[in-house]
Amino acid sequence: MSWLIAGCGDLGTEVGLRAAAAGHVVHGLRRSAHLLPPAIRPIAGDLGGDLPELPTDVEVVILTAAADRRDVDAYRRAYVDGPGRVLDALADAGVSPRRVLFVGSTAVYGVTDGSWVDETTPTEPATATGAVLVEAERTLWNRRPDAISLRLAGVYGPGRTRLLDQVRQGRAVVPDPPVHTNRIHRDDAAAAIVHLVSAVEKPATCYLGVDDDPAERGEVLRFLAAQLDAPPPPTGPDERSRGGDKRCRNDRLRATGATFTYPTFREGYRALLDGVGARHP
Ligand SMILES: NC(=O)c1ccc[n+]([C@@H]2O[C@H](COP(=O)([O-])OP(=O)(O)OC[C@H]3O[C@@H](n4cnc5c(N)ncnc54)[C@H](OP(=O)(O)O)[C@@H]3O)[C@@H](O)[C@H]2O)c1
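In this text the structure is predicted, and so the values were computed from the model without any measurement. (Residues numbered from 1 in each chain as written. Predicted model: local features only at pLDDT ≥ 70, side-chain atom pairs only at ≥ 80, totals over all residues. Heavy atoms only, no water.)

**Regarding the site of the ligand**
And step 1. By nearness alone, 23 residues border the ligand, and Arg-30, Arg-31, Leu-47, Tyr-79 and Arg-160 come closest of all.
And step 2. The side chain of Tyr-79 places a nitrogen or oxygen atom 2.7 Å from an oxygen atom of the ligand.
And step 3. In this structure, Val-155 approaches the ligand through a main-chain N or O atom, which is 2.8 Å from an oxygen atom.
And step 4. For the ligand, the protein covers 80% of the area, taking 890 Å² as the surface of the free molecule.
And step 5. Where the shell around the ligand is concerned, the elements lending two or more residues are α1 (10–21), β5 (99–105) and β8 (154–156).
And step 6. Counted by class, the shell around the ligand contains nine nonpolar, eight polar and six charged residues. (Near = heavy atom within 4 Å. Polar contact = N/O pair within 3.5 Å; in protein donor to acceptor, adjacent residues only side chain to side chain. Areas by Shrake-Rupley, 256 points an atom, 1.4 Å probe, with all protein chains shown as cover. Helix = DSSP H or I, 4+ residues; strand = E, 2+ residues; numbered from the N terminus. Nonpolar A, V, L, I, M, F, W, Y, C, P; charged D, E, K, R; others polar.)

What follows is the structure, given as structure tokens:
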């Protein structure tokens, strides 16, 4: 029996490496399949077209393709149509996987007042792309009512140094009024995916994938500045912080026994600054 990771990029590869280390046969599907590490069997394919023949012993499917652009058409291709094609291709081959997990996003919530959000909060996205992510989940659940959506917050980790770069280059601004931010380290996201599909007997259909600390953006920026010995960022209006303001809870994920190597941004960014981990191409 094997795992299929469709859209096997940075996060998918980390999932695949962990699954392979646990003894599973792992297939990674992406257009540039030659970039996959040896532990993951490459399947070169484009989720936007006819798929190549898929393995017939797939028991776990992880859907981790990312949209090429931040627009509705690209989102629909990556999050609605792509997963549909994968499930069609498996069904055509007579394969009915035991677990299907879709990597979703906390962008399905349109909360703007800093209140707490969990899996029971209504999905009322504030953006057109967020609406496609809601459509993606509904389309998947119509087909596989037991599919799991892991709604990730901002993923950071090796190679994802946007916030660090802003602080280093003096471009960071502590937003006024303050906003909360939610994030998860890539390795904890990968660990949560492996855990949900392999160690949880009766998973729920939806989990928030966030760490323990939905901190104010200013607190994160000041922490990074201190770590980098950079001047504290100025306070002011910040375009980048316009939009959502929510605090995501991970209680449901935690209740499954999921653990975090980096429970807050402090441990995660310290590890990044120490050079822990590698970005997968
Ligand atoms: N980054 C965040 O903050 C964040 C937040 C919430 C959720 N997520 C979700 O997390 C998931 C994984 O993200 P990631 O960081 O691992 O992204 P990533 O490194 O860009 O990986 C996604 C992979 O999808 C593959 N892909 C894209 N279009 C494809 C297509 N048409 N056919 C086949 N493969 C395709 C790409 O490989 P090829 O180019 O080789 O095809 C790419 O390597 C995505 O679903 C993303 O939406 C991310």
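Picking up after the structure, the text goes on.
**Remarks on α1**
And step 1. Compared with the 16 Å implied by 1.5 Å per residue over twelve residues, the 17 Å span of α1 between its first and last C-alpha is a close match.
And step 2. Taken together, the buried residues of α1 touch β1 (2–6), β2 (25–30), β4 (58–63), β5, β7 (148–152) and α5 (186–198). (Expected span 1.5 Å × (residues − 1). Contact = heavy atoms within 4.5 Å.)

**Regarding the packing of aromatic side chains**
And step 1. Under the criterion given, the structure shown has four aromatic pairs.
And step 2. An angle of 20 degrees between the planes, with centres 4.5 Å apart, marks the rings of Tyr-156 and Tyr-269 as stacked. Pair noted here: Tyr-156 is in strand β8 and Tyr-269 is in helix α8 (residues 265–273), with a separation of 113 residues, a long-range link.
And step 3. Between Phe-223 and Phe-265, the ring centres sit 5.4 Å apart and the planes meet at 80 degrees, which makes this aromatic pair edge-to-face. Note that Phe-223 is positioned in helix α6 (residues 217–228) and Phe-265 in helix α8, a separation of 42 residues in sequence. An identical accessibility class is assigned to Phe-223 and Phe-265; each is buried. (Phe/Tyr/Trp six-rings, centres within 6.5 Å; stacked < 30°, edge-to-face > 60°. Buried < 20%, exposed > 50% of the residue type's maximum accessible area, 1.4 Å probe, protein only.)

Keep in mind that these numbers describe shape and distance, not what the molecule does.
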